[in-house]
Amino acid sequence: MKQAKKDVADTSFLQRMWESIFRGPLDPQTDRERKLMVLDSLILHLHPTTIAERTLKLTLTWGLGGMATLLTMVLVFSGVMLMFNYTPSPDQAYNDILNLQTQVWFGQLMRNIHHWAGNLMVVVVVLHMLRVFFTGGFNMPRQFNWVMGLLLLLLTVTANFTGYLLPWDQLAYWAITVGTGLITYVPLLGNWIQTVVLGGPEVGAATLLNFYSLHIAIIPISLLIIMSFHFFRVRKDGGVVTPRAPDEVLEKRQPKVTTVPHLVTRELVVGLVMMIALLLFAMWVDAPLEGVANPDVSPNPAKAPWYFMGFQELLLHFHPFVAAIILPLGALFTLALLPYLEPDMDATGVWFRSNKGRLMSVVATLIAIISTPILVITDEYLLDFVGWLPSLPTILSNGFVPLALLMLAVVGFYELMKHLFRASRCETVQATFVLLFVAFLILMVIGIWFRGPGMVLMWPSEVGVSH
Ligand code: HEM
């Protein structure tokens, strides 16, 4: 009796709660016990039975990978619910959405949850990528999983983009018209690819059907397959990186704890908090819906979805081939090659590589915050490469010439930071990444809030949409 009481006192409250709810004895006698054992082994399919105690720290992963996983489940569930009340045809789609919002029990809420979860997923996946980058989680042996992650990021954005069209309102119609317009700048094959994607020369019934099939079947299935592989690789690569202080050398054998309940209870808490926040937000803020799509009336300005606005802003400064093709593809390839080009194992698990790396990242952020708006304004009012170089084709005068100058500035930044801080290669690469990433975020902000009719620069209070 005394021993039993002592055992109970030795276990934490959460552990006792967990055991009373989920864990049965090892030799299951009843149906319930058998079911609980199955649940346990399901969890242990995703996780190893034990993990390094240090990796439990919330500030290592912020639970972002898990949040992305949970959001995928929420999106699949709410998406299937919406399918009960949706027909992918231009005559019916918009009315179905109106009907869903006004006639169907919890229809508006379900649409809101799906809409906001989709947008949150883009944010969470990007944050997860940043977390992996800044903790050196892409170094060997995880480099291939990093590339898989980039594929997941592309799929996440494409899932959102294809879903954007489905309500068939003005916002959807023109955002997709602008977004798919970028495809035409692919050399030689651009027009052909655009026709295949749209199912014709412009956004219409065939586009809606194409996007619907991609959105409800092809992308989710690909996402689930690659996600499973992503999880499998995390386990194969020895779990997530082990966090450590900048100058700390880790012992080979780290103290371990069991996954159940230590990791799983933490995952439950993060998941619950996210679900509650999502639900409250979806209860308060409705997903936008404008008037029915009208191909004859284009809003001014017609803007792409928010996550493409950085590229739409770049289009105002560079030839479209550079803004819509070279820069995004260049960024993607550089990111994919990063772990192969910069294999600095010493920094794995250390946030921002080192204290110096952290300081350099702050400096790079400040430089980006100051220089990006200055460059945008200078280009808007002072620079005129096409006028200055009239004998050159615009792809050179407005494309490769400013691109070369930009690259020169980036290389200059790299060399200056390396020299000033006497930094290692990986610290300097990180600072350069921060510079470019923050600059892109600022371009996005300018595109979303500081561009009005005719895409003219103006203060957010003056930005309106005219038709
Ligand atoms: C649908 C999108 C994604 C899902 C559901 C997902 C899920 C996860 C989960 C659950 C983990 C382990 C725990 C954690 O780190 O939070 C993880 C780790 C990892 N993820 Fe992702 N991920 C996604 C996208 C990405 C992206 C965009 C990248 C990078 C480009 C990426 C690269 C990695 C890497 C390299 C690891 C191992 C990191 C380490 O060991 O610290 N993932 N992911």
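Residues numbered from 1 in each chain as written. Predicted model: local features only at pLDDT ≥ 70, side-chain atom pairs only at ≥ 80, totals over all residues. Heavy atoms only, no water.

Engineer: Honestly, the overall build of the protein chain in this entry has me stumped. Any pointers?
Structural biologist: When its secondary structure is counted, the protein chain shows 18 helices and two strands. Taken over the C-alpha trace, the protein chain has a radius of gyration of 25 Å; the compact-globule value for 467 residues is 23 Å, and the two agree within 12%. Overall size of the protein chain, expressed as C-alpha extent along the three principal axes, is 90 × 65 × 40 Å. Burial status across the protein chain gives 42% buried among its 467 residues. Expressed as a percentage of contacts within the protein chain between residues at least 6 apart in sequence, the contacts between residues at least 24 apart total 77%. Of the roughly 25500 Å² of accessible surface on the protein chain, a fraction of 71% belongs to carbon and sulfur atoms. On the protein chain, the mean spot of the 29 positive side-chain charges and the mean spot of the 30 negative ones are 14 Å from each other. (Helix = DSSP H or I, 4+ residues; strand = E, 2+ residues; numbered from the N terminus. Rg over C-alpha atoms; globule rule 2.2 N^0.38 Å. Buried < 20%, exposed > 50% of the residue type's maximum accessible area, 1.4 Å probe, protein only. Contact = heavy atoms within 4.5 Å. Areas by Shrake-Rupley, 256 points an atom, 1.4 Å probe, with all protein chains shown as cover. Lys, Arg positive; Asp, Glu negative; His and termini not counted. Charge placed at Lys NZ, Arg CZ, Asp CG, Glu CD.)

Engineer: I would appreciate a short explanation of the site of the ligand in the present structure.
Structural biologist: Among the 25 residues in the neighbourhood of the ligand, the closest are listed as His 128, Arg 131, Arg 142, Gly 149 and His 230. Contact distances for the ligand include 2.6 Å between an oxygen atom and a side-chain N or O atom of Arg 131. Val 241 places a main-chain nitrogen or oxygen 3.1 Å from an oxygen atom of the ligand. Put simply, the parts of the chain that give the shell around the ligand at least two residues each are α5 (64-83), α7 (107-134), α8 (143-165) and α11 (205-236). Tallying contributions element by element places α7 first for the shell around the ligand, with six residues. By residue class, the composition of the shell around the ligand is 14 nonpolar, nine polar and two charged. (Near = heavy atom within 4 Å. Polar contact = N/O pair within 3.5 Å; in protein donor to acceptor, adjacent residues only side chain to side chain. Nonpolar A, V, L, I, M, F, W, Y, C, P; charged D, E, K, R; others polar.)

Engineer: Mind showing me how you'd approach the coordination of the iron atom of the ligand here?
Structural biologist: Here the iron atom of the ligand is held by His 128 (NE2) and His 230 (NE2), and the distances to it run 2.0 to 2.1 Å. Coordination at the iron atom of the ligand comes from six donor atoms whose angles at the metal span 87 to 179°, giving a geometry best classed as octahedral. Taken together, the residues span a long stretch of sequence, with His 128 in helix α7 and His 230 in helix α11 at a distance of 102 residues. Residue His 230 is classed as buried on the basis of its relative accessible area, which comes to 13%. (Donors = N, O, S within 2.8 Å, 3.2 Å for Na, K, Ca; no water. Tetrahedral: all angles 85-135°; square planar, octahedral: opposite > 155°, others 65-115°.)

Engineer: When you look at the domain arrangement of the protein chain in this model, what are you seeing that I'm missing?
Structural biologist: It is common to report an interface's size as the accessible area lost on association of the parts. Along its sequence, the protein chain is organised into domain 1 (6-39), domain 2 (47-294) and domain 3 (308-467). Domain 2 puts 34 residues into the contact, and the matching count from domain 3 is 31 residues. Of the roughly 2800 Å² buried where domain 2 meets domain 3, counting both sides, 74% is carbon and sulfur surface. On inspection of domain 2 and its partner domain 3, the count reaches zero salt bridges. Our enumeration of links across domain 2 and domain 3 arrives at eight residue pairs in polar contact (both at pLDDT 80 or more). Considering each element in turn, the side of domain 2 that touches domain 3 owes the most residues, eight residues, to α8. (Domains from an automatic or database assignment. Buried area = accessible area lost by both parts, 1.4 Å probe. Salt bridge = Lys/Arg side-chain N within 4 Å of Asp/Glu carboxyl O.)

Engineer: Before we go on, may I ask you to explain the nonpolar core in this structure?
Structural biologist: Most often, soluble globular proteins keep nonpolar side chains buried together rather than apart. The biggest cluster of nonpolar side chains holds 51 residues, and the ones touching the most others in it are Leu 71, Phe 133, Trp 146, Leu 278 and Leu 335. Taken together, the elements giving at least two residues each to this core come down to α5, α7, α8, α12 (259-284), α14 (320-341), α15 (355-381), α17 (394-421) and α18 (425-449). Mapped onto the domain boundaries, this core takes at least three residues apiece from domain 2 (47-294) and domain 3 (308-467). Excluding residues that lie within four positions of it along the chain, Leu 278 makes contacts with Leu 71, Val 74, Ile 113, Trp 116 and Ala 117. Judged by nonpolar contacts, the second largest core, of 22 residues, contains Tyr 86, Ala 93, Tyr 164 and Leu 198. (Core = buried A, V, L, I, M, F, W, Y, C linked by side-chain atoms within 4.5 Å.)

Engineer: Looking at this structure, how should I read a nonpolar patch on the surface?
Structural biologist: On the surface, Leu 272, Ile 276, Leu 279, Leu 280, Phe 281, Met 283, Trp 284 and Val 285 cluster together into a nonpolar patch covering about 820 Å² of accessible area. Tracing the sequence through the fold places Ile 276 in helix α12. (Patch = residues over 30% accessible without salt bridge, like charges linked within 9 Å, V, L, I, M, F, W, Y side chains within 5 Å.)

Engineer: In this structure, what is going on with the side chain of Asn 139? I would like to understand it.
Structural biologist: Inspection of the secondary structure assignment puts Asn 139 in the loop between α7 and α8. Judged by its relative accessible area of 3%, Asn 139 is buried. Within the local environment of Asn 139, its side chain forms a polar contact with the side chain of Thr 348, the two groups lying 3.1 Å apart.

Engineer: I would appreciate a short explanation of the packing of aromatic side chains in the present structure.
Structural biologist: A ring pair, where both rings are aromatic, is described by two values, the distance of the centres and the angle of the planes. Counted according to the given criterion, the structure contains 22 aromatic pairs. Taken together, the aromatic side chains of Phe 133, Phe 134, Phe 138, Trp 146, Trp 351, Phe 352, Phe 433 and Phe 437 make up a single cluster linked through ring pairs. A cation over a ring is seen here: Arg 353 above Phe 133, with NZ or CZ 4.9 Å from the ring centre. (Phe/Tyr/Trp six-rings, centres within 6.5 Å; stacked < 30°, edge-to-face > 60°. Lys NZ or Arg CZ within 6 Å of the ring centre and 35° of its normal.)

Engineer: Is there a simple way to think about the pattern of salt bridges in this case?
Structural biologist: Should their charged atoms come close, side chains of opposite charge can pair. Enumeration according to the criterion identifies four salt bridges in this entry. For the salt bridge of Asp 237 with Arg 233, the shortest nitrogen-to-oxygen distance reads 2.6 Å. Judged by relative accessible area, Arg 233 falls into the partly exposed class, the value being 22%. Among the salt bridges present, the one from Arg 451 reaches Glu 380, with a minimum N-O distance of 3.2 Å. Here Arg 451, found in the segment after α18, pairs with Glu 380, found in helix α15; they are 71 residues apart in sequence, far enough to count as distant. Residue classification places Glu 380 among the partly exposed positions, given a relative accessible area of 29%.

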